[in-house]
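Next come the chains, spelled out residue by residue.
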Amino acid sequence: GAGVSQSPRYKVAKRGQDVALRCDPISGHVSLFWYQQALGQGPEFLTYFQNEAQLDKSGLPSDRFFAERPEGSVSTLKIQRTQQEDSAVYLCASSLGGTLGEQYFGPGTRLTVT
Amino acid sequence: AQSVAQPEDQVNVAEGNPLTVKCTYSVSGNPYLFWYVQYPNRGLQFLLKYITGDNLVKGSYGFEAEFNKSQTSFHLKKPSALVSDSALYFCAVTHGGNYGQNFVFGPGTRLSVLP
């Protein structure tokens, strides 16, 4: 079956632009995570959804970052007024079993802010 | 606050030899521990997890890990390494539930298995 998909796969934004990154989780997966992965580092947790509820957004680095999952399926991570330090790979993962379940990761969106 | 340490950036091992990739953690409450692997040009994949029960956990591709509460460690092991095991390995921890859903990954260890 289909895995987790993310779009776009690559995004180049000029500093100050707004971007929107999309995640399509595996159908039926209740849990959805967003991570930021800088080059050569491990993924850093951004936020967690259980269905449409955003239960943890403690990892969002600033109020320029916003995530939503309005119908409990597709999720969008929005970054306003992008800065160079936002350049990273943004990973989405979904899971059947909450935070203790196996996470299935998408391929990521590589964001480059120039 | 939770944290994960992977003290080795790189581990080199000869094919057929046993391998160990080290992980130590710090967490409030009960730890829930995971190993993920990232192959070149592929997404992160789940290997195994410890939630409760037997301290020795077996996972995909012949890997296993041992939870050691006194040493706060969760080292990944395999009895006989394959060249195809060469990849980037991440240890992760969460305490889930009432403490929040923050999921913390370590910095990663690059495993190279030499033929």
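One can find the structure itself at the top, above this paragraph.
Thresholds applied
- Residues numbered from 1 in each chain as written.
- Chains lettered and ligands numbered in written order.
- Predicted model: local features only at pLDDT ≥ 70, side-chain atom pairs only at ≥ 80, totals over all residues.
- Heavy atoms only, no water.
- Pairing = 2+ DSSP bridges.
- Helix = DSSP H or I, 4+ residues; strand = E, 2+ residues; numbered from the N terminus.
- Axes fitted to C-alpha atoms, helices over the stretch in contact; angles between N-to-C directions.
- Contact = heavy atoms within 4.5 Å.
- Polar contact = N/O pair within 3.5 Å; in protein donor to acceptor, adjacent residues only side chain to side chain.
- Disulfide = S-S within 2.5 Å.
- Buried < 20%, exposed > 50% of the residue type's maximum accessible area, 1.4 Å probe, protein only.

Residue and element names in this part refer to chain A. Strand order across the open sheet formed by four strands is 1-3-8-7, with antiparallel pairing between neighbours. If you trace the sheet from one side to the other, it starts and ends with strand 1 (5-7) and strand 7 (65-68), each paired once. Going across the sheet, the axis of each strand differs from the next one's by a mean of 15°, ignoring polarity. Strand direction decides the pairing type here: strand 3 (residues 19-24) and strand 8 (residues 75-79), joined by five bridges, are antiparallel. Paired with Cys23 across the two strands is Ser75, which belongs to strand 8.

As a further point, take the environment of Asp18(A). Residues and elements named next belong to chain A. If you trace the backbone, Asp18 turns up in the loop between strand 2 (10-13) and strand 3. Considered as a pair, Asp18 and Leu55 are 37 residues apart in the sequence and their alpha carbons are 24 Å apart. For Asp18, the contacting residues outside a window of four places in its chain are Ile79, Gln80 and Arg81. A polar side-chain atom of Asp18 sits 2.8 Å from the main-chain amide nitrogen of Arg81.

What follows concerns the state of the cysteines. One way to say it: the disulfide is the covalent bond shared by the sulfur atoms of two cysteines. In this structure the tally under the stated criterion is two disulfides over all chains. Disulfide partner of Cys23(A): Cys92(A), at an S-S distance of 1.8 Å. When the S-S torsion is -65°, as for the bridge of Cys23(A) with Cys92(A), the disulfide is left-handed. Of this pair, Cys23(A) sits in strand 3 while Cys92(A) sits in strand 9 (residues 88-95), and the two are 69 residues apart along the sequence. The exposure class of Cys23(A) is buried, given its relative accessible area of 0%. Under the relative-accessibility criterion, Cys92(A) is labelled buried at 0%. Each sulfur of the disulfide joining Cys23(B) and Cys91(B) lies 2.0 Å from the other. The S-S bond linking Cys23(B) to Cys91(B) shows a torsion near -65°; that makes this disulfide left-handed. Of this pair, Cys23(B) sits in the loop between strand 3 (19-21) and strand 4 (24-26) while Cys91(B) is found in strand 10 (residues 87-94), placing the two residues 68 residues apart along the sequence. Judged by relative accessible area, Cys23(B) falls into the buried class, the value being 0%.

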